Amino acid sequence: GVYPECKPNATFGTIKSASSLYYVMAGNWARLHHFDDLIICTEQGNSKWVCEAVSSSIMVAKHDALLYPSSQLGQVHGVLHQTVLDLLSEQFKLVESYISADELNTANEVLLLNAVRGVRYVVNMNGRTLTGTMANRLNEALNSALGLI
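Along each chain, the written sequence defines residue order, and numbers are assigned to residues from 1. With pLDDT at 70 or above as the cut-off, local features in this predicted model cover only qualifying residues; side-chain atom pairs require 80 or more to be listed or tallied, and sums for whole chains, interfaces and linings still use all residues. Only heavy atoms go into the side-chain values, all of them from the structure, while hydrogens and water stay out.

**Details of the environment of A26**
Piece 1. If you trace the backbone, A26 turns up in helix α1 (residues 21-32).
Piece 2. Each residue is assigned to one of three classes by its accessible area relative to the maximum for its type, calculated with a 1.4 Å probe on protein chains only: buried under 20%, partly exposed between the two thresholds, exposed over 50%. For A26, a relative accessible area of 0% puts it in the buried group.
Piece 3. Separated by 118 residues in the primary sequence, A26 and S144 place their C-alpha atoms 34 Å from one another.
Piece 4. Whether two residues are in contact is decided by their heavy atoms, any of which lying within 4.5 Å being enough. Those residues in contact with A26 that lie beyond four places of it in its chain are Y3, L38 and V54. Numbering goes from the N terminus for both helices and strands, where a helix is a DSSP run of H or I of at least four residues and a strand is a run of E of at least two.

**What to know about the pattern of salt bridges**
Any two side chains of opposite charge can pair, given that their charged atoms come close.
Piece 1. The rule for a salt bridge is simple: a side-chain nitrogen of Lys or Arg has to be within 4 Å of a carboxyl oxygen of Asp or Glu. Taken as a whole and assessed by the stated rule, the structure comprises two salt bridges.
Piece 2. Where K7 meets E52, a salt bridge forms, and the shortest distance between an N and an O atom there is 2.8 Å. One end of the pair, K7, is in the segment before α1; the other, E52, is in strand β2 (residues 47-53), with 45 residues separating them in the sequence.
Piece 3. A salt bridge links R120 to D37; the nearest nitrogen and oxygen atoms lie 3.4 Å apart. You can see R120 sitting in strand β7 (residues 118-121) and its partner D37 sitting in the loop between α1 and β1 (39-44), a full 83 residues away along the chain.
Piece 4. Residue R120 is classed as partly exposed on the basis of its relative accessible area, which comes to 21%.

Below, the structure is given as structure tokens:
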């Protein structure tokens, strides 16, 4: 799901911290509504952009590309997200982009990246079942690049 409250624009919004009330409230909202994780958006001007998830970085598979949110949106920069950019940019078409919340409804896949949980995919997006084909490919390539397989 998508958290209904946009992430506030904050000077220190990109710093990982255990004291962020916004993420605590979003996490509580996710549990209350039976979501494993929750997509967070931010506003710039009159537009609402996908920024990250409560506990993960996010990538959106559209056609043959993996889109990831613009670094101008104030998301926390995840370790696994950066590892994917560093190690797999020649194997995958990785595109920094402004992703509207509406684009999630037409995405081939929505991937969540977390250093502890790995690469996961959203199974259901607004009643639409998504596959994990790109997530599986990304996991295999990442494991290979790290020498785990």
